[in-house]
Structure formats: structure tokens, C-alpha cells
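Structural overview
In case you want the letters, here they are:
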Amino acid sequence: MPNNEKNKPRKAAKPSKPVKRRASEGPQTLIIPQISPEMLESARRAASEGKSAQEIEQAALEADARRKAEQAAQQPPEPRPAEQPAAPKSEKRHRKTRDEAEEELSQRVHDDHLWLNNPLIMRGLGLAPVVVAAYDLKNAWMLCVAAILLLTTTRLLAVAICHLTGNRFRPVIYVYSAAILYIPAYCLLYYWFGADLTLLGIYLPLLAVEPVIIKRMENPDLETLGEAFRRGINNTVGFCIAVLLVGVLREFLGQGSFFGNAVLSQAPLPLAGEPAGGFILLGVIAALWTGVANAYVRYKEEEVQHIYVERRR
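So, here's what we can say about the structure. (Residues numbered from 1 in each chain as written. Predicted model: local features only at pLDDT ≥ 70, side-chain atom pairs only at ≥ 80, totals over all residues. Heavy atoms only, no water.)

Before going further, it helps to examine unusual backbone geometry. A positive phi angle, near 65°, is found at N167, a position not held by glycine. If you trace the backbone, N167 turns up in the loop between α6 (137–164) and α7 (170–193). Even without being a glycine, F169 presents a positive backbone phi close to 60°. Relative to the helices and strands, F169 resides in the loop between α6 and α7. (Helix = DSSP H or I, 4+ residues; strand = E, 2+ residues; numbered from the N terminus.)

Between α6 and α7, the least distance of the axes is 8 Å, while the angle of their chain directions is 145°. Here α6 and α7 pass one another in a crossing that is right-handed. When grouped by side-chain class, the residues that make up the contact of α6 with α7 number 21 nonpolar, 3 polar and 1 charged. (Axes fitted to C-alpha atoms, helices over the stretch in contact; angles between N-to-C directions. Left-handed = near helix turned anticlockwise from the far one by under 90°. Nonpolar A, V, L, I, M, F, W, Y, C, P; charged D, E, K, R; others polar.)

Between its first and last C-alpha, α6 extends 41 Å over 28 residues, near the 40 Å set by a 1.5 Å rise per residue. At A147, α6 shows its largest kink, close to 30°. Of the residues flanking the end of α6, it is G166, one or two places downstream, whose phi is positive at about 70°. (Expected span 1.5 Å × (residues − 1). Bend = angle between axes of the 7 residues up to and from the residue.)

Let's shift gears to the pattern of salt bridges. All chains considered together, the criterion is met by 6 salt bridges. K215 is the salt-bridge partner of E218, the closest N and O atoms lying 3.1 Å from each other. With relative accessibility at 56%, the residue E218 sits in the exposed group. Salt-bridge contacts for E303 lead to K300; the nearest nitrogen and oxygen are separated by 3.1 Å. Placement of both E303 and K300 in helix α10 (residues 275–312) is noted, with a separation of 3 residues, approximately one turn of the helix. Residue class for E303 comes out partly exposed when judged on its relative accessible area of 32%. One connected set of salt bridges, linked through shared partners, spans R155, R216, E223 and R231. (Salt bridge = Lys/Arg side-chain N within 4 Å of Asp/Glu carboxyl O. Buried < 20%, exposed > 50% of the residue type's maximum accessible area, 1.4 Å probe, protein only.)

Helix length check: α7, at 24 residues, gives a terminal C-alpha distance of 33 Å against a target of 34 Å (1.5 Å per residue), a fit within 8%. The set of residues buried in α7 consists of R170, I173, Y174, S177, A178, L181, Y182, A185, L189 and F193. Structurally, α7 contributes buried residues whose contacts are with α6 and α8 (211–214). (Contact = heavy atoms within 4.5 Å.)

Further remarks concern the packing of aromatic side chains. The full count for this structure, using the stated rule, is 3 aromatic pairs. An angle of 40° between the planes, with centres 5.2 Å apart, marks the rings of W115 and Y296 as tilted. Here W115, found in the loop between α4 (98–111) and α5 (127–133), pairs with Y296, found in helix α10; they are 181 residues apart in sequence, far enough to count as distant. With a relative accessible area of 31%, W115 lands in the partly exposed category. By relative accessible area, Y296 is classed as partly exposed at 34%. Consider the rings of Y182 and Y186, whose centres lie 6.0 Å apart with planes at 40°: the pair is tilted. One end of the pair is Y182 and the other is Y186, both in helix α7 and 4 residues apart, which spans about a single turn. (Phe/Tyr/Trp six-rings, centres within 6.5 Å; stacked < 30°, edge-to-face > 60°.)

Let us now look at the nonpolar core. Counting residues in hydrophobic clusters, the biggest one holds 51 residues, and the most contacted among them are I121, L204, I213 and V243. Of all elements in the fold, only α4, α5, α6, α7, α8, α9 (225–255) and α10 reach the threshold of two or more residues within this core. The element that contributes the greatest number of residues to this core is α6, accounting for 12 residues. Those residues in contact with I121 that lie beyond four places of it in its chain are A242, L282, I285, A286, W289 and T290. (Core = buried A, V, L, I, M, F, W, Y, C linked by side-chain atoms within 4.5 Å.)

Position of T236 among the secondary structure elements: in helix α9. Classification of T236 by relative accessible area gives buried; the value is 6%. Residue contacts for T236: discarding those within four places in its chain leaves A147, I148, L151 and T152.

Let us look at the layout of surface pockets. Quantified by volume, the largest pocket comes out at close to 420 Å³. R123, R155, R216, N219 and N235 are, among the 21 residues lining the largest pocket, the residues nearest its centre. Elements supplying a minimum of two residues to the lining of the largest pocket: α4, α6, α8 and α9. Residue contributions to the lining of the largest pocket peak at 4 residues, all from α8. Of the residues belonging to the lining of the largest pocket, the class tally is 7 nonpolar, 5 polar and 9 charged. (1 Å grid on protein atoms, 1.4 Å probe; cavity = no way out; pocket = protein on both sides within 12 Å on 5 of 7 lines; lining within 4 Å. Points joined across faces, edges and corners; volume = space filled by probe spheres on them.)

Turning next to the packing of α6 against α9. For any two helices packed against each other, the geometry comes down to the angle between their axes and how far apart the axes lie. Where α6 meets α9, the axes come as close as 9 Å, and the angle between the chain directions of the two elements is 165°. The angle between α6 and α9 falls in the class roughly antiparallel. Classified by chirality, the crossing of α9 by α6 is right-handed. In the contact of α6 with α9, the residues fall into 20 nonpolar, 5 polar and 3 charged. (Parallel < 35°, antiparallel > 145°, perpendicular 65-115°, else oblique.)

The structure is reproduced here in C-alpha cells:
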């Protein structure tokens, strides 16, 4: 019997169940990388209060975050580097060709109605009223005021109507515009100068059909209102400068006076007060004026040529 009991197979022992340990049975170990004293103190307090491992870790992290915030508040802010202005983008400038430079110079000469392309001296517009009527400064001044009232306003009115009609009937529009505007212009002139206006004779109404006012109708290109205003003002100023210059010289040479006040006891050239003398005097002025203006234009053209010859080298 005893031998039989020894030969019987023994039953395998059941594995023992793991015993759960309570937090109060012993101290817990928590490993936190880069632990600061504040984190240790906060973890110790949380462990003594019997909190779980997650709560201890959360308390330590909160303590570390508070420490970093206090350190950041105590440190002065770092100065920001001065912002440098952005470098301007290098734009490749378009170099004008010789033809473009010469065309620009020609356009500038054409637009210079005061000197290089004066309507009276250089183009001979409005000669009849100036040669016959502008024999003294007073008459020249009345012609200037009439040109101021008619020249620019006629151009603006005609251009505006041409825009409405599709640039058709240009001659009729320009002539009728000048004729319509002449009526209020004459009323203003008579209000300012009175009976002295009759000294201009027929040459005052002749301004309504003078080329200096209606010559623009020959150009088929329709300009804008802004261009019409600018060019009309330039033509008006250039015409007035030339008329006043002729009036001053004719009065001084023909009468020896200035604006009705005697300057010389005897007139140096009485012929200047006559239409023939006025025509000769205006021709001399135009010759001198044109010579100086053409010399200046030739100088500018040679300057352009010299610039582009140097560039080729």
C-alpha cells in the first residue's frame, strides 16, 4: 500500500493569485525625469495625502509649470533685433533707344507753346488782329482778354460736342462753338472796357474765325477734355505773351510811351504804329525768336546723338 501511494501521480498545484497591495501598505516609488525641488516637494505632499500615482505625477508637473512661469516673469524680455528695411527690388530700367529719345524731344518741342512752338511767332496764327489792332499795349491787352475768353472755352466745347457726335462734322462744330461763345465774351469785354472796345474794330469779331482758335478742327485725332484744357491754356498763354510783347514794342517805338504814359519826347520809329510797320516789326521778332529756338532744338538733338554715340562705344 505504501508503495502504491507513492506511485500515484500527484496533482499539479494551483498557481497562487497575485495579492494586491494597498497604497497604505508601503511607500510607492515614482520616477520623474529632470526632477526639480519644487516637483519633489509637491510629489511628497501628494503621496502623504494618499493620492494615486497619476495624481502625484500631475501635481509634480503643475509645480514645475508654476516654477517656469515665475522664472519667465522675473527675466527681462529679450530685445528684438532691429528690423532691417526690405531691400528694394532691383527693377531693370528700360533704356530708351535713339529713335524713342528723338521722338520724345520732338513731342516736347511740339507741346511747348510758350517758346519753341508759339502759336503767333512760330506758327503765324492770329497775325491780322496783332498786326493791325495791337499798335499799343492797351489794344494788345484787350486782344489778350478776348483770347482768354474764347480760345480755351471754344476748344473745350467743340471737343465735348465731337465726343457726342462721334467726331463727325468737326469744322461746323468748331466754327459754331466759337460764334456762340463770342456773344457772352463780347458782353464781358464791353462791360470791362466800354467804348474803348471799338478801337479793335472788325478784328475783334474776326477772332471767332481765327486759326489760333479753330485750327484744331484740321486734326482728325479726337483729344480728351483734359488734353483740350491743358493745350488750350498753353496756346492762350503763348499767344498772350507774344501779343503783349508786340504791343509794348510798337507803342514804345511808334509813340515813345508805355501804356499811355510818355516815356520819350519823340518816337524812335513812328512807322511801328502803322500796320506796315507792325508787320515788319513782327517779322523781325519772329526771325530772332525762331533763330534762338531752332538753335536750342539743334543743341538738344546733338546732345541726344552724342549720348547714344557714347553708349555704342
